[in-house]
Amino acid sequence: MKPPARRPQAAVLSSLIAFVLAVVGLSLAPATAFAANLTVNGGFESGTLSGWQCAAGSVTSSAHSGSYGLQSAPSGSDIGRCSQTISVRPSTAYTLSAWVTGSNVYLGVDGGASTWTTSSSWSQLSVPFTTSASATSVTIYLHGWYGLPPFGADDVVLDGPGGTPDTTPPSTPGGLTVGSPTSSSLQLNWSAATDANGIDHYDVVQGTGAAQSVGNVTSWTATGLSPTTTYSFKVRACDPSGNCSPYGASVSGTTSSGPTDPPPGGSLPKHVLTGYWQNFNNGATVQKISDVPAAYDLIAVAFADADAARPGGITFNLDSAGLNGYTVAQFKADIAAKKAAGKKVILSIGGQNGTISVANATAAANFASTALSVLREYGFDGVDIDLENGVNAQYMGQALRSLQSQFGSGLIITMAPQTIDMQATTFEYFKLALAIKDILTIVNVQYYNSGAMNGCNGQVYSQGSVDFITAQACIMLQNGLRPDQVGLGLPASSRAAGSGYVSTTIVNNALDCLAKGTNCGAFKPSTTWPTLRGAMTWSTNWDALNGNAFANQVGAHVHALP
């Protein structure tokens, strides 16, 4: 055992002086400009919800510190959200923290970082983030989850320098034109609005419908329209502080006659079976691309890697050592052979451990340029967005549009959000899907590892049943996505996911319920969607270890849909 080192005499004296000063309330520490807590009534010690906007909140004597805390009670149709908008400075680091207790308590920033926990006692959540270059305010939030018990929160702190509130709306966008008609789409173009702090997004209203955020773009295509029909549109601009301009004048356009236009993404079949292929060995069957069964129409190679030199950029590195010596040359040749056989092979971005973030214009440009290079090098047909750490709808939308404009109209774009990501159109993944609807191929939601979730009928369903799958899928089907853009994502075996595995019979029953109205559980949607695109599984490797049951049984069922 090494003896402790002697402390220098000067250090001993310094410690003694510090102790004496501490006793009398002084300090040796240098003067530091510590940032104040920017939240209003963050400890709820006013005894009210002053400063907060709460759906189902109240002040309670149950507190982490002081006399009062927040209690909010989710319901079967509400997550019990409490939020507060705070002035901040652009391009500045902040830390949001709060003490919480309860089941599935979330803390985060709208459009940005978030975290959550489940705890029967008080525990602290912390979310560091950096504001965008144009940000003048952020909205922080706390919420629970549908149908779960009330949660508590206290001592909410936003640590960082304060900003000056922006209350000036942007100018109204002008020059709206509606043209380039097809039998199911119209293209909108308008002049950019101006704002001292920049434009965050534009809202488009079709007829008397609800506003739809389309990102920071000046061109957008309305899809899913009926042939030979006149539609009217109007547009407004919104800044990062939430100030929005008045809507410009409505402009109309008429779709052409003719058959329904083909969905984006090239020559995929009407109904598609998608499978992820693992570029790593985690105990599932190690495969080459050539080993993937022919039942899979679309193969998503998992995963791309982050380009450390370029924020938002991607690379791809084949794990030859982990895949029993599979060479890059063989890999490329196998992709080419699959494509020659009529299959499509795409590159998945993200995964559980994905660290790729596209949260500003520079990252969006880097993503588009590096993705184009990788796709061309290996012969991939497109990209899959599977960023489980969240997406920024505005900038990822910009990145994908830029990639599509360079790659061409045949680019396949799929998404694999988690179940929670598609619960509402205000969530970033759902916003992204709607913003790129005209170039989006399929959204395969992961209906596993999610626990209980609220369905489209307002009821809470536990995963692992036909009702859970169908009631989740109809949220997308009823809120803007075309049926041919909706797929059902399920694990290939019980080992492929932490929870949510269901038999192939349940997967097929869910497909039948949505497409034909048969084999439903207790929940039966009010309509059917015969053009539902199909199903996805994680992964072809786990499926192989399970005797290729998903490929053989779900694949055959998908291809037999009407």
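Just above sits the structure.
Residues numbered from 1 in each chain as written. Predicted model: local features only at pLDDT ≥ 70, side-chain atom pairs only at ≥ 80, totals over all residues. Heavy atoms only, no water.

K.L.:
Just give me the short version of unusual backbone geometry, but keep the residues and values in it.
P.N.:
Peptide bonds are, in most cases, trans, and in most cases residues other than glycine have a negative phi. Between Ala 302 and Phe 303 the backbone carries a cis peptide bond, its omega angle lying at 10°. Along the polypeptide, Phe 303 turns up in the loop between strand S17 (298–302) and strand S18 (305–306). Residues Trp 538 and Ser 539 are joined by a peptide bond in cis, for which omega reads 5°. Even without glycine at this site, Asn 41 takes up a positive phi of about 60°. In this structure, Asn 519 takes a positive phi of about 60° despite not being glycine. (Helix = DSSP H or I, 4+ residues; strand = E, 2+ residues; numbered from the N terminus.)

K.L.:
Give me the packing of helix H4 (residues 393–407) against helix H5 (residues 428–435): which residues, what numbers.
P.N.:
Direction vectors running N to C along H4 and H5 enclose 35°, while the axes themselves pass 9 Å from each other. With respect to the hand of their crossing, H4 and H5 are arranged in right-handed fashion. In this structure, H4 uses Ala 393, Met 396, Gly 397, Leu 400 and Arg 401 to contact H5, whose residues at the interface are Glu 428, Lys 431, Leu 432 and Ala 435. In terms of residue class, the contact of H4 with H5 is made up of five nonpolar, one polar and three charged. (Axes fitted to C-alpha atoms, helices over the stretch in contact; angles between N-to-C directions. Left-handed = near helix turned anticlockwise from the far one by under 90°. Contact = heavy atoms within 4.5 Å. Nonpolar A, V, L, I, M, F, W, Y, C, P; charged D, E, K, R; others polar.)

K.L.:
Let's hear about the sheet that holds strand S10 (residues 186–189): which residues, and what values?
P.N.:
If you walk across this open sheet you meet the three strands as S9-S10-S13, and the pairing is antiparallel. Since the sheet does not close on itself, it has two edges, and those belong to strand S9 (177–179) and strand S13 (219–222), each with one partner. Strand after strand, the sheet turns through a mean of 25° between neighbouring axes, direction not considered. Direction of pairing for S9 relative to S10: antiparallel, over a ladder of three bridges. Within S10, the position partnered with Gly 179 by the bridge is Gln 187. (Pairing = 2+ DSSP bridges.)

K.L.:
Residues and numbers for the pattern of salt bridges, please.
P.N.:
Under the criterion given, the structure shown has 10 salt bridges. Notably, a salt bridge pairs Arg 81 with Asp 110, separated by 2.9 Å at the nearest N-O pair. Within this pair, whereas Arg 81 is found in the loop between strand S3 (69–72) and strand S4 (82–87), its partner Asp 110 is found in the loop between strand S5 (93–109) and strand S6 (114–130), the two being separated by 29 residues in sequence. Taking the shortest distance from any N to any O, the salt bridge between Arg 310 and Asp 307 comes out at 2.8 Å. Exposure remark for Asp 307: the relative accessible area of 12% places this residue in the buried category. (Salt bridge = Lys/Arg side-chain N within 4 Å of Asp/Glu carboxyl O. Buried < 20%, exposed > 50% of the residue type's maximum accessible area, 1.4 Å probe, protein only.)

K.L.:
Please provide a residue-by-residue account of helix H9 (residues 549–559), values included.
P.N.:
Among the residues of H9, those classed as buried are Ala 549, Phe 550, Ala 551, Val 554, Gly 555 and Val 558. The arc enclosing the buried residues of H9, seen along the axis, measures out at 165°, which places them on a common side. Where the residues of H9 are buried, they touch strand S16 (272–278), strand S26 (486–491), helix H7 (504–516), strand S27 (534–538) and helix H8 (540–545). (Arc of directions from axis to C-beta.)

K.L.:
Describe the state of the cysteines, naming the residues involved and giving the relevant values.
P.N.:
Across all of its chains, the model carries four disulfides by this definition. Sulfur-sulfur distance for the disulfide between Cys 54 and Cys 82 comes to 2.1 Å. Judged by the torsion about the S-S bond (125°), the Cys 54/Cys 82 disulfide is right-handed. Taken as a pair, Cys 54 in strand S1 (residues 53–54) and Cys 82 in strand S4 lie far apart in primary sequence, 28 residues in all. Disulfide pairing places Cys 238 opposite Cys 244 at an S-S distance of 2.0 Å. (Disulfide = S-S within 2.5 Å.)

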